[in-house]
Amino acid sequence: MAGETPFRKRRPWRRHGHQAQQDGIGGTGPAEGGHASAERSAAPPDHSGGSDDERGRSASLEVAGAAALPDLAAQQEQQDRADPTTGGRLHAVKRGVRKSGESAKALAAQLADRIIDTAPRVPVRDLATLRRQFPGLGPEELADKLVTGACRGTATVGAGIGAAAMMPVPPAMLAELAAEVTGVAAIEMKLVAELHEVYGLRPPGNLGQRSTAYLTSWTEERGIDVTRPTTLNAALGGQMKRELRQQIMKRMARNLPNLIPFMIGAAVGATMNRRDTRKLADRVRNDLRKEQIPWDRLPALPPLEQPLNPAELPKEIEGP
């Protein structure tokens, strides 16, 4: 038993590792121990999960690095959302576009209600009044005079809104845009109504019914066919209100350049409003010419009712 290492004093690495498994079950003598130590020092490092110090440190670093990756990814995602220069900018743009669309729809609905309330307050001159103000003119010449006056009126509104937007103030831009759309709509509805008088196609009904018919004509940019009752009875229905909101949205989109600051928007607004009014008048006149009634065959019509609280319109549209 001499020379044999007691069991309790054996080193831990003797019981673990590849070399210890080759030594068998008990202890070995001095020769065997020396031989084992030589083989153990000459053997390559064990990669089978032993207790080598260097392998233990490298393995712990790898595990720590792998565990830190998800945390870094989560931090980067939070930083992207919070940083407006990276991923957060995209989210902010999406939210801004969505809120802008909702605001535009809400503004269009409010303007539609305002225009519907304004339509009966638009003062309209009947044919007898127009012939007295423009003596010696035929239907086409009188219609040209009306279109010229309405174009001057809408150009004045566009120039005024453009001048008011000389310095860009975002909270006031929507109010300026709404005022322009409402003012231009009133002038153009007056033009539509008086063109129907000139061509002898006054729609039947009282002031409210005629105003609704003129509003429908302005919304659809078409002349009223008085021989078709469906064109009058469908007014102010659900479809007509949707078309009115769509027309207002198109007008607001076309009038956005009027808000360019430094007086550029004034010139742009005057030009664009004049062009849009003339285009509307051409479409309405083309429809009215197909059903035109000559003046000598017109029955005697009563004077038009005038609103109790007429809307204020530019003086340019009244003519001489």
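Please refer to the structure placed before this passage.
None of the values given here were measured: they were computed from a predicted structure.

A.B. asks: I'd like to hear about the overall build of the protein, residue by residue, with values.
C.D. replies: Scanning the protein for helices and strands turns up 12 helices and zero strands. Overall, the protein shows an N-to-C arrangement of helices and strands of α-α-α-α-α-α-α-α-α-α-α-α. A burial count over the protein gives 34% of its 320 residues as buried. Residue pairs at least 24 apart in sequence account for 77% of intrachain contacts in the protein once pairs closer than 6 positions are excluded. Of the roughly 19100 Å² of accessible surface on the protein, a fraction of 58% belongs to carbon and sulfur atoms.

A.B. asks: Describe unusual backbone geometry, naming the residues involved and giving the relevant values.
C.D. replies: The phi dihedral of E221 falls on the positive side, at around 55°, and the residue is not glycine. Positionally, E221 belongs in the loop between α9 (207-220) and α10 (230-233).

A.B. asks: Lay out α9 with the relevant residues and their values.
C.D. replies: Over its 14 residues, α9 extends 20 Å from the first C-alpha to the last, a length consistent with the 20 Å expected when each residue adds 1.5 Å. The element α9 is extensively covered by neighbouring structure, given that 10 of its 14 residues are classed as buried. Two or three places before G208, at the opening of α9, N206 has a side-chain oxygen 3.3 Å from that residue's backbone nitrogen. Once α9 ends, the next one or two residues include E221, with phi positive near 55°.

A.B. asks: So what about the pattern of salt bridges? Which residues, and what values?
C.D. replies: Using the criterion set out here, one finds 10 salt bridges in the structure. D144 serves as the salt-bridge partner of R285, at 2.7 Å between the closest nitrogen and oxygen. You can see R285 sitting in helix α12 (residues 264-290) and its partner D144 sitting in helix α7 (residues 139-164), a full 141 residues away along the chain. Here R222 and D287 are joined by a salt bridge, their closest N and O atoms 2.5 Å apart. Residue R222 is found in the loop between α9 and α10, and its partner D287 is found in helix α12; the two are separated by 65 residues along the sequence.

A.B. asks: Describe in detail the nonpolar core, supporting the description with residues and values.
C.D. replies: Formed by 46 residues in total, the largest nonpolar core has its most connected members in I115, L195, V198, L215, W218, I248 and M252. It is helix α8 (residues 170-198) that provides the largest number of residues to this core, a total of 12 residues. When near neighbours in sequence (up to four residues on either side) are disregarded, W218 contacts I115, A185, E188, M189, L244, Q247, R251 and L280. Counting six residues, the second-largest nonpolar core is a separate cluster that includes V124, A213, Y214 and I224.

A.B. asks: Which residues make up the environment of K290, and what values do they have?
C.D. replies: With respect to the helices and strands, the residue K290 is situated in helix α12. Here K290 falls in the exposed class, since its relative accessible area comes to 65%.

A.B. asks: Can you explain the environment of V122? Please cite residues and give values.
C.D. replies: Structurally, V122 can be placed in the loop between α5 (87-118) and α6 (127-133). When the C-alpha atoms of V122 and E188 are compared, they prove to be 10.0 Å apart, with 66 residues separating the residues in sequence. Not counting residues up to four positions away in its chain, the partners in contact with V122 are A186, K190, P307 and L313.

About the cut-offs
- Residues numbered from 1 in each chain as written.
- Predicted model: local features only at pLDDT ≥ 70, side-chain atom pairs only at ≥ 80, totals over all residues.
- Heavy atoms only, no water.
- Helix = DSSP H or I, 4+ residues; strand = E, 2+ residues; numbered from the N terminus.
- Buried < 20%, exposed > 50% of the residue type's maximum accessible area, 1.4 Å probe, protein only.
- Contact = heavy atoms within 4.5 Å.
- Areas by Shrake-Rupley, 256 points an atom, 1.4 Å probe, with all protein chains shown as cover.
- Expected span 1.5 Å × (residues − 1).
- Polar contact = N/O pair within 3.5 Å; in protein donor to acceptor, adjacent residues only side chain to side chain.
- Salt bridge = Lys/Arg side-chain N within 4 Å of Asp/Glu carboxyl O.
- Core = buried A, V, L, I, M, F, W, Y, C linked by side-chain atoms within 4.5 Å.

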